[in-house]
Amino acid sequence: MLDEILTATFITGLLAAAVRMATPILLTALGEIYTELSGILNIGIEGTMLAGCLAGFIGTYYTGSIFCGILWGIITGGLMGLIMGILSITLQANQVACGIILNLLSLGMTSFIFRVVFGVTILPPNIKTLTPLPLPIINKIPFVGQILFQQNLMVYITFLLVLLSSFLIFKTGWGLKIRAVGEYPLAADTMGINVYNIRYICVIAGGMLAGMGGTFLAMDLGMFVDNMIAGRGFIALASVIFGRWKPHGVMAGALIFGLADAFQLRLQALGYNFPHEVLLMLPYVLTIIILTGILGKSHAPAALTQPYIKEK
Amino acid sequence: MFKNLIKKLSTEFDKNKYFIFIKLCIVIMAFLIAFLLTSICITAAGANPFEVFISIIKGAFGSPERMTEILVKATPLIFAGLGIAIAFKGGFWNIGAEGQIYLGAIAATIVGVKINLSPFILIPAVIISGFLAGGLWALIPGLLKVRFGINEIILTMMMNYIAIHTASYISHGPFRDPDGSLPQTAELFKGACLPVIINKTRLHAGILLAIFLCLLCYLIFKKTLLGYKIKAVGANPRSAFYGGINVFNTMIITIFISGGLAGLAGMGEVCGIHYRLLDGISPGYGYTAIVVALLARLHALWILLAAVLFASLDIGAGFMQRTTGIPSSIVCIIEALIVICILGSEILERKLMRKKVEK
């Protein structure tokens, strides 16, 4: 068994798949960083991804353009973020409860809309998938080129977004404002920062990124099935904690989950008589081990899950 | 005009009655808004919303068999909903009821398949094993949360997937029915099966246990020190600590009971309905139960009502899909919208109450 796994083709294939599978998680987790830094814990990103996934699928199906599909997914994600914002910022409802309900709403809505739009079909409807776009010159680098530079466009965009987010959060006034609102909203308010606006912007941006992450899944597989996110939104939440609210750390977390997922699929495909359930559990067990803080304690934004009530 | 009405009402009623009245108004409004929004969805799908709602009601209450089916469906929701309500009250965000249900089902199956005794010993044995398994499964994230302060929401969520895959492994692997072709365990011994209450239906004794536990929980929170401690810790662990409550122990007890109750839901499904463990034994009861608990505002007696409401929506939905062609997932939307409206209206309630208190 080991000699089949320790071949160059298997490993490069595995790592390339890991990068691809990490992408939707990473996109969603990046969005969640903004949301959580501003003080809102959005558990509803699982549902947001699902909504984005369906919107992206329908958009691509009817317009025929992947670009339009992605746009639909992003807009839908933003709308889900807006709902979360209205509930948790303006109406000051409990954020955990709101997130859970948003997931349920999205589960029902997507299943309902999918059936209403496509009816009951024998063959599931398909869309075209994202094609790999090898980058010139650097894709020829052995190993690294195959793993990193023969992916599709959305993967490149996602990893650029990691750099951009790092810069935005830690080097600009905007980032400082976001962090201030999440740490000590009262102080931020005293300094003339509009806490509500910042939180709305962050939760909507987070929703848009989660929606984009969902569309990636639809584009990657070319189809939609009920509840196809299957916990990836929650894994994104876990990788935010794993990465301690820093884009680079979150990227590492998402890549580990992508690797576990890819590994489990490939081992199954090799067809060993090994209980595949154990492999299916792997990403989740890994999440728990990581969360238990073997890698050290982390400091969450102080005002996370606390609604801000402005004094009159 | 609205303000005048409120003013008039608040002067006429005394404080308590006013609060109840406001709560009731808000719940009714939430339901109305939810049904209005759902009607828009149904109209957009090209059907008449009234026909759909009537069809759901017919489907749910059309015949005595269906009405017993509602109670069958409501049983796991009551168990798990109670468990979740206790955890939420105690400040533990237990999203892991689904996994605890599966663990309860696994434990009950193992006991019921391996031991052959008279029902008088075996039924208590499966009930206790279901409770213990669910409780211990919840204690894993529970201890991590209480001892190391790790976020329990994600922990319990991840534990769900592990539990579901474990159950799947057990029904495919070591306990697989040697005589059958389906991936399911062998049938339980007769002694482990919960008795059916009404002949020719699937209604089993689990519902009686569920109702009994509902009343028990109500009394615990209303009358006992334990209930007070759980509420105090949930409201503010630091002030509970300064008030002399052992926060660690209280949390652990809360979490254990919470998981145990959810485990009973799994036990009920195995010993009352399927008589064996099979894949997907809980079609998301653990998640629906969260919504049930939130709708009931974590109140034990209201959970009974909320669970029956959701179960009847569920039973009605299947019938509705067959007669009108509208996908049954519309029910999921109704449920979510009702609770969203209720969550969203809490601020209104708080404001109205504060106004009254200030006077």
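The structure displayed is predicted, hence computed values, not measured ones.

Draft legend 1. Inspection of the interface of chain A and chain B at higher detail. Taken residue by residue, the interface counts 40 residues in chain A and 39 residues in chain B. Across the interface of chain A and chain B, roughly 3600 Å² is buried in total on both sides, 84% from carbon and sulfur atoms. A per-residue breakdown of the area chain A buries against chain B is headed by A:Ile101, A:Leu104 and A:Phe112, which together make up 18% of the total. Where chain A packs against chain B, one counts 0 salt bridges. The interface formed by chain A and chain B contains 3 residue pairs in polar contact (both at pLDDT 80 or more). By residue number, the principal contributor to the side of chain A that touches chain B is helix H5 (residues 95-118) of chain A, which donates 14 residues. Per-class residue counts for the side of chain A that touches chain B are 29 nonpolar, 8 polar and 3 charged.

Draft legend 2. Just helix H9 (residues 225-235) of chain B, in detail. Residues and elements named next belong to chain B. Listing the buried residues of H9 in full gives Gly227, Ile230, Ala232 and Val233. Taken together, the buried residues of H9 touch helix H4 (64-89), helix H8 (206-223), helix H10 (237-242) and helix H11 (247-274). Where H9 starts, the residue carrying a side-chain oxygen 3.2 Å from the main-chain nitrogen of glycine 227 turns out to be threonine 224.

Draft legend 3. A look at the packing of aromatic side chains. Enumeration according to the criterion identifies 16 aromatic pairs over all chains in this entry. The interplanar angle of 50° and the centroid separation of 6.0 Å between the aromatic rings of A:Tyr196 and A:Tyr308 together place this pair among those described as tilted. One end of the pair, A:Tyr196, is in helix H10 (residues 195-221); the other, A:Tyr308, is in the segment after helix H13 (276-291), and 112 residues separate them in sequence. Taking relative accessible area as the criterion, A:Tyr196 reaches 25% and is therefore assigned partly exposed. Owing to a relative accessible area of 9%, A:Tyr308 belongs among the buried residues under this scheme. With 6.5 Å between their ring centres and 25° between their planes, B:Phe31 and B:Phe35 make a pair best called stacked. Residue B:Phe31 and its partner B:Phe35 are located together in helix H2 (residues 15-44), separated by 4 residues, close to a single helical turn. Using a relative accessible area of 22% as the deciding quantity, one classes B:Phe31 as partly exposed. Put simply, the rings of A:Phe57, A:Tyr61, A:Tyr62, A:Phe114, A:Phe118 and A:Phe224 touch in pairs and so form one group of aromatic residues. Of note, B:Lys89 hangs over the ring of B:Phe221, and the distance from its end group to the ring centre comes to 4.0 Å. Sitting above the plane of the B:Phe148 ring, B:Arg147 keeps its charged end 5.7 Å from the centroid.

Draft legend 4. The packing of helix H7 (residues 153-171) of chain A against helix H8 (residues 173-183) of chain A, seen in detail. All names here are of chain A. H8 packs onto H7 with a crossing angle of 70° between their chain directions and a minimal axis gap of 5 Å. Comparing their axes, H8 and H7 come out roughly perpendicular. Facing H7, whose interface residues are Leu168, Ile169, Phe170 and Lys171, H8 presents Gly173, Gly175, Leu176 and Arg179. Broken down by class, the residue content of the contact of H7 with H8 amounts to 4 nonpolar, 2 polar and 2 charged.

Cut-off values and rules
Residues numbered from 1 in each chain as written. Chains lettered and ligands numbered in written order. Predicted model: local features only at pLDDT ≥ 70, side-chain atom pairs only at ≥ 80, totals over all residues. Heavy atoms only, no water. Contact = heavy atoms within 4.5 Å. Buried area = accessible area lost by both parts, 1.4 Å probe. Salt bridge = Lys/Arg side-chain N within 4 Å of Asp/Glu carboxyl O. Polar contact = N/O pair within 3.5 Å; in protein donor to acceptor, adjacent residues only side chain to side chain. Helix = DSSP H or I, 4+ residues; strand = E, 2+ residues; numbered from the N terminus. Nonpolar A, V, L, I, M, F, W, Y, C, P; charged D, E, K, R; others polar. Buried < 20%, exposed > 50% of the residue type's maximum accessible area, 1.4 Å probe, protein only. Phe/Tyr/Trp six-rings, centres within 6.5 Å; stacked < 30°, edge-to-face > 60°. Lys NZ or Arg CZ within 6 Å of the ring centre and 35° of its normal. Axes fitted to C-alpha atoms, helices over the stretch in contact; angles between N-to-C directions. Parallel < 35°, antiparallel > 145°, perpendicular 65-115°, else oblique.

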